[in-house]
Protein chains: 2
Amino acid sequence: MMTGKPAVVLLSGGLDSATVLAIARADGYTPYALSFRYGQRHSVELDAASRVADALGAAKHVVADIDLRVFGGSALTSDIAVPHHERVEELAADIPVTYVPARNTIFLSFALAWAETLESSDVFIGVNALDYSGYPDCRPEYVRAYEQMANLATKAGVEGRQHLRIHTPLIELTKAQIIQRGLTLGVDYSLTHSCYDPDPAGRACGTCDSCLLRRRGFAEVGLQDPALIPAPGLAG
Amino acid sequence: MMTGKPAVVLLSGGLDSATVLAIARADGYTPYALSFRYGQRHSVELDAASRVADALGAAKHVVADIDLRVFGGSALTSDIAVPHHERVEELAADIPVTYVPARNTIFLSFALAWAETLESSDVFIGVNALDYSGYPDCRPEYVRAYEQMANLATKAGVEGRQHLRIHTPLIELTKAQIIQRGLTLGVDYSLTHSCYDPDPAGRACGTCDSCLLRRRGFAEVGLQDPALIPAPGLAG
């Protein structure tokens, strides 16, 4: 039985958000996991989110439907090719084509709506300013500005009953530190999925930006990425 | 032919947003109208948005699907009864049950995504701080905080190429002043729909908060609300 304060946790099904869900629980919150079906090409992400929510004991897992394809503009939601690299050093320094316009802003807005409905003042998001792959909406200054806006947007904020806080426990961690923290909390990373370009069977490609950053993180803690081991055991 | 800078205009199909669309055009922008199917009970709103977008010459009208019902929490998206009153003085001073959690925050986030895709730095929204019916996310301080956050969220903002501006041309106007401005710009208010609780044929009830505010506005300029005249002429 969970009796902690409710918190909304944004859950993509990837390594980072799985770790965040485990941290929210370890911090004593009752996590409500929120994922999105946003016109992405791979439902394998949502399957992973569902496995992770179950394995880490979310009180509820909601998948909200939003369709960003009506606007176009990104490899994750339209038909621009995902870039592949052999080595992490080849990652482009500028913002990658896998950028989705306003994605975190939209995701946080839904989290805000659910938090208000739950009378929760806590939202968790796995943004990371180090391995952030060039997304502007993963930086601390963005998150603080969002929090400030959110506290002017809601009944609870205006009435002074609640101060909404956006928790970003990974924001200053390297991928290796995130993995270490998650392993300590019992996260089974074989359940997670981070790849931008999986094969038809849902297996990670190993060479997109997201796979390369994971691989390097696991290598730094002396492990192999379980998502890149052929035929991973999915038993949670 | 429209050659103005593109601007995203949030269009509910109501009196306020129709006026905003007319103002955006009059200010020289090419308006891209954005509406939402968000689990509201009345599709009559979207029919009105479509009529208004056509009549006022939007370059494009997109209806984005979002389903806030997954979170519950409001008369507009769940089954709490909409309150009715005979006179505007009876409106509750506190935030009404028709409040939708984080609605404007979500709507602006989608507008931001579309603006980025259009390489537009202008979003128009018909919020109003006087007749705002108690919604916290209709106040100037909220809008400024949103703008600040948005400029930290996007590629264009981070790279200093564009400063996103959220235009709120109605924010300090009374309902009567909004109507006067719209009539000057040729808005046909018989096309609009603002009612929270229309009858099965889509006709406005005349006694919900939204209808009462409209009625008073039209009365103040010496007119009858065309949405409350039986069998209104819908020819645009």
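Located above this text is the structure these notes cover.
Residues numbered from 1 in each chain as written. Chains lettered and ligands numbered in written order. Predicted model: local features only at pLDDT ≥ 70, side-chain atom pairs only at ≥ 80, totals over all residues.

**Quick look at the overall build of chain A**
Here is step 1: Regarding its fold elements, chain A presents seven helices and five strands.
Here is step 2: Listed by position from the N terminus, the elements making up chain A come as β-α-β-α-β-α-β-α-α-β-α-α.
Here is step 3: The buried share of chain A, reckoned over its 236 residues, is 53%.
Here is step 4: Here the analysis covers contacts within chain A between residues at least 6 apart in sequence; of these, 70% occur between residues at least 24 apart. (Helix = DSSP H or I, 4+ residues; strand = E, 2+ residues; numbered from the N terminus. Buried ≥ 20, exposed ≤ 12 C-beta atoms within 10 Å, placed from the backbone. Contact = placed C-beta atoms within 7 Å.)

**Digging into helix H2 (residues 44-55) of chain B**
All names here are of chain B.
Here is step 1: Between its first and last C-alpha atoms H2 spans 16 Å; for 12 residues at 1.5 Å apiece the expected length is 16 Å, and the two agree.
Here is step 2: Those residues of H2 not exposed but buried are Glu45, Leu46, Ala48, Ala49, Val52 and Ala53. Axial view of H2: buried residues confined to an arc of 155°, hence all on one face.
Here is step 3: Elements in contact with the buried residues of H2: helix H1 (15-26), strand S2 (30-37) and strand S3 (60-65).
Here is step 4: Backbone geometry just downstream of H2 places Gly57 in the positive-phi region, at approximately 70°. (Expected span 1.5 Å × (residues − 1). Arc of directions from axis to C-beta.)

**Observations concerning the packing of helix H1 (residues 15-26) of chain A against helix H6 (residues 175-184) of chain A**
When two helices pack together, their arrangement is captured by the angle between the axes and the distance separating the axes.
Residue and element names in this part refer to chain A.
Here is step 1: Their axes nearest at 9 Å, the elements H1 and H6 cross at an angle of 45°. It follows from the interaxial angle that H1 and H6 lie oblique. Crossing of H1 against H6: the hand is left-handed. Here Leu15, Asp16, Ala18, Thr19 and Ala22 of H1 come into contact with H6, specifically with Ile178, Arg181 and Gly182.
Here is step 2: Its residues assigned to classes, the contact of H1 with H6 comprises four nonpolar, two polar and two charged. (Axes fitted to C-alpha atoms, helices over the stretch in contact; angles between N-to-C directions. Parallel < 35°, antiparallel > 145°, perpendicular 65-115°, else oblique. Left-handed = near helix turned anticlockwise from the far one by under 90°. Nonpolar A, V, L, I, M, F, W, Y, C, P; charged D, E, K, R; others polar.)

**A short note on the sheet that holds strand S5 (residues 165-167) of chain B**
All names here are of chain B.
Here is step 1: One open sheet accounts for five strands, arranged S3-S2-S1-S4-S5; its pairing is parallel. Two strands close off the open sheet at either side, each with one partner strand: S3 and S5. Strand-to-strand twist in this sheet, taken as the mean axis angle between neighbours without regard to direction, amounts to 25°.
Here is step 2: Note: S2 against S3, six bridges, orientation parallel. Residue pairing for S3: Ser35 is matched across the bridge by Val63. (Pairing = 2+ DSSP bridges.)

**Examining the relation of the copies chain A and chain B**
Here is step 1: The transformation that overlays chain A on chain B combines an axial shift of 0.0 Å with a rotation of 180°, and the residual RMSD is 0.0 Å. Expressed as a symmetry operation, the mapping of one chain copy onto the other fits a two-fold axis. Taking C-alpha positions as the reference, the residue of chain A nearest the rotation axis is A:Ile66, at 2.6 Å. (Least-squares fit on C-alpha atoms with pLDDT ≥ 70 in both.)

**Concerning the environment of B:Tyr32**
All names here are of chain B.
Here is step 1: Position of Tyr32 among the secondary structure elements: in strand S2.
Here is step 2: With 27 C-beta atoms counted inside 10 Å, the residue Tyr32 sits in the buried group.
Here is step 3: Residues Tyr32 and Ala53, 21 residues apart in the sequence, show an inter-C-alpha distance of 8.9 Å.
Here is step 4: Residues in contact with Tyr32, not counting those within four places in the same chain, are Pro6, Ala7, Val8, Val9, Ala58, Ala59, Lys60, Trp114 and Leu118.

**Digging into the sheet that holds strand S2 (residues 30-37) of chain A**
Residue and element names in this part refer to chain A.
Here is step 1: With parallel pairing, five strands are arranged side by side in an open sheet as S3-S2-S1-S4-S5. Every other strand in the sheet has two partners, leaving strand S3 (60-65) and strand S5 (165-167) as the edge strands with one partner each. Across the sheet, the mean angle separating the axes of adjacent strands is 25° when strand polarity is ignored.
Here is step 2: Strand direction decides the pairing type here: strand S1 (residues 6-10) and S2, joined by five bridges, are parallel. Each residue of the ladder has a partner; that of Pro6, found in S2, is Thr30.
Here is step 3: The sheet contacts of H1 involve S1, S2 and strand S4 (122-124), and relative to S1 the element is tilted by about 170°.
Here is step 4: This element, helix H3 (residues 103-118), spans S1, S2, S3 and S4 of the sheet and lies at about 165° to S1.

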